[in-house]
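Understanding the architecture of this molecule
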Amino acid sequence: MNFGLHSERNIEPEREQKIELNSERNIKPESEQKIELNSERNIKPEREQKIELNSERKIEPNSKTNDMEEDERYLQMYQRGYVEINLDAVLENLKYLKGLSKPRTKLLGVVKADAYGHGSVPIARKLEPYEFMFGFGVATPEEAYDLRKGGIKKPVLILGYSFPYSYEMLAREEIRPAVFRYDMIEALKSAAEKAGKPVRVHIKVDTGMNRIGIRPDREGLSFVKALMHQEGIVIEGIFTHFARADEEDKSNAGEQLGTFCRFIHMIEEELSLDIPVRHCANSAAILQMPQADMDMVRAGIAMYGLSPSGNEDFRRLWPALSFYSHIVYVKTIEKGESVSYGGTFTADRRMRVATIPIGYGDGYPRELSNRGYVLLHGRKAPILGRVCMDQFMVDITEHPEAAEGDTAVLLGRDGSESVSAEALGKLSGRFHYEIICGLGKRVPRVYRENGRIIK
């Protein structure tokens, strides 16, 4: 990839990017480490932190405003289908997650996979001004560079492996790579020399995920020692990732946390190295493992209002994403007629059928064939037959008011009914993360803020 590097970067210099860290760093060795797995959180964030949290949660994602007519005219160009993102819902979710953390704990907003389908740059722009935000997490150098091109100046951490072709760009753009291989050390040092500025890195530790990261043992300690003596490389952070924090039984995550804490203690005791930013808590841990709160926590799926486990059990989270289309054709079929490819649905009576111009080519799961539903006028309309690449059909026999041009809610709320990503995941046999991450680029994103569509 040809990274077009900015000749003049308004990135905040290090002296302006002060990281407020927990003054009490109570990392204890194994003999003193007590892992409490009590998910009850007796934190009272409203009194401990000066963050305006909406306790009554009056936010109504995608609600109509007095400027409805102007917004409706704007949406005419997206009648085939569009995804609407409520930026205020994202911010409210993040404030709620911050309220579950210690006052000095920073948040990393995870915006990988285009912010889980929500749009990384618009989400980052919304959140960047807030002081409690450390920065943003991504999976690849390309995703990080997209944020820089979008004007994002706060730190960007690459959570996965960064290939050597990107190292000079990472140094120039002050993007933080995760490090865990010896060959990365010399290559990053060389890139820092060419860029004329140091590379700040976060050490990735594998405490049980068995994906990437150094082992928390003597060999891992040797890696940290080798890294800390390199000119042009600054160790800014160290982190691990929980494999099972979203499960009701937190014992596995607790074991990983204990392993991580003991390794940090080993580094401090044997190398006299105090790493500024230690982090391990993902969305599930923020919500249910207060003992995993360190210098920073990583807010991912929960920031977008979805449950980490796939169960709709976090009522304080507001889904920020809705998916709309419109009926383009209404027909009546007779008993014995089939619908869509393969004739997998055959009418057992006279029926009214509506066609929706969205399909698996837009990321709408084909597995919802004969299983899923949409909302029309606040009521469910079941999918009939197979979902096609660009269209699918629904039963509107019980919807006598349904007509061509009516709005169909594929994901989101309509009146008292809703279609959630969790529900579609269960119906389709897919993980609910996939539902939102898989929505294609063919479907335009529309952003709403303070009740108005951002044009």
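Quantities reported herein were computed from a predicted structural model and do not represent experimental measurements.

**Here we look at the pattern of salt bridges**
Considering all chains together, one arrives at 25 salt bridges under this definition. With a closest N to O distance of 3.1 Å, Asp71 and Arg452 form a salt bridge. One end of the pair, Asp71, is in helix α2 (residues 68-75); the other, Arg452, is in strand β21 (residues 452-454), and 381 residues separate them in sequence. Its relative accessible area of 3% is what places Asp71 among the buried residues. Because the salt bridges share partners, they merge into one network encompassing Glu70, Asp71, Glu84, Arg448 and Arg452.

**A look at the pairing of strand β10 (residues 321-326)**
Regular strands have side chains that alternate between both faces of the sheet. Counting buried positions along β10 yields six of six residues, so the element is predominantly enclosed. Here four bridges tie strand β1 (residues 82-86) to β10, and the two strands are oriented antiparallel to one another. Among the inter-strand pairings, Tyr82 is bridged to a residue of β10, identified as Tyr324. Of the strand pairs in this sheet, β10 and strand β18 (residues 407-414) are connected by four bridges, and their pairing is antiparallel. Among the inter-strand pairings, Phe323 is bridged to a residue of β18, identified as Leu411.

**Focus on helix α5 (residues 120-127)**
Within α5, six of the eight residues are buried, which leaves the element mostly enclosed by the surrounding structure. Every buried residue of α5 is accounted for by Ser120, Val121, Ile123, Ala124, Lys126 and Leu127. Of the surrounding secondary structure, the elements contacted by the buried residues of α5 are β1, α3 (87-99), α4 (112-116), β3 (133-138), α6 (141-149) and β20 (445-449).

**Regarding the pairing of β18**
Most of β18 sits out of view: six of its eight residues are buried. Relative to strand β19 (residues 417-419), β18 is paired through three bridges, and the arrangement is antiparallel. If you follow Gly412 over to β19, its bridge partner there is Val419.

**Describing helix α8 (residues 182-195)**
Here α8 is 14 residues long and its end C-alpha atoms lie 21 Å apart, about the 20 Å a rise of 1.5 Å per residue gives. Here α8 has its buried residues at Met184, Ile185, Leu188, Ala191, Ala192 and Ala195. One face of α8 carries all of its buried residues, which in axial projection span an arc of 135 degrees. Facing away from the buried side of α8 by more than 90 degrees, the exposed set consists of Glu186, Glu193 and Lys194.

**A short note on unusual backbone geometry**
One non-glycine residue with positive phi stands out, namely Ala113, at about 50 degrees. Summarising the element assignment, Ala113 is placed in helix α4. For Ala113, a relative accessible area of 37% translates into the label partly exposed. Here the phi dihedral of Ser340 falls at roughly 70 degrees; this positive angle occurs in a residue that is not glycine. Here Ser340 lies in the loop between β12 (338-339) and β13 (345-346). Residue classification places Ser340 among the partly exposed residues on the basis of a relative accessible area of 23%.

**Looking at the packing of aromatic side chains**
Applying the stated criterion across every chain yields a total of 12 aromatic pairs. Aromatic pair Tyr116 and Tyr304: ring centres 5.0 Å apart, planes at 40 degrees, arrangement tilted. Taken as a pair, Tyr116 in helix α4 and Tyr304 in the loop between β9 (296-299) and β10 lie far apart in primary sequence, 188 residues in all. Of the two residues examined, Tyr116 and Tyr304, each falls in the buried class. Relative to Tyr433, the ring of Phe431 has its centre 4.3 Å away and its plane inclined at 10 degrees; by these criteria the two rings are stacked. With relative accessibility at 21%, the residue Tyr433 sits in the partly exposed group. Taken together, the ring pairs connect Tyr74, Tyr78, Tyr82 and Tyr324 into an aromatic cluster. The ring of Tyr373 carries Lys380 above its face, with NZ or CZ at 4.6 Å from the centroid.

Calculation criteria
- Residues numbered from 1 in each chain as written.
- Predicted model: local features only at pLDDT ≥ 70, side-chain atom pairs only at ≥ 80, totals over all residues.
- Heavy atoms only, no water.
- Salt bridge = Lys/Arg side-chain N within 4 Å of Asp/Glu carboxyl O.
- Helix = DSSP H or I, 4+ residues; strand = E, 2+ residues; numbered from the N terminus.
- Buried < 20%, exposed > 50% of the residue type's maximum accessible area, 1.4 Å probe, protein only.
- Pairing = 2+ DSSP bridges.
- Contact = heavy atoms within 4.5 Å.
- Expected span 1.5 Å × (residues − 1).
- Arc of directions from axis to C-beta.
- Phe/Tyr/Trp six-rings, centres within 6.5 Å; stacked < 30°, edge-to-face > 60°.
- Lys NZ or Arg CZ within 6 Å of the ring centre and 35° of its normal.

Keep in mind these numbers describe shape, not what the thing actually does.
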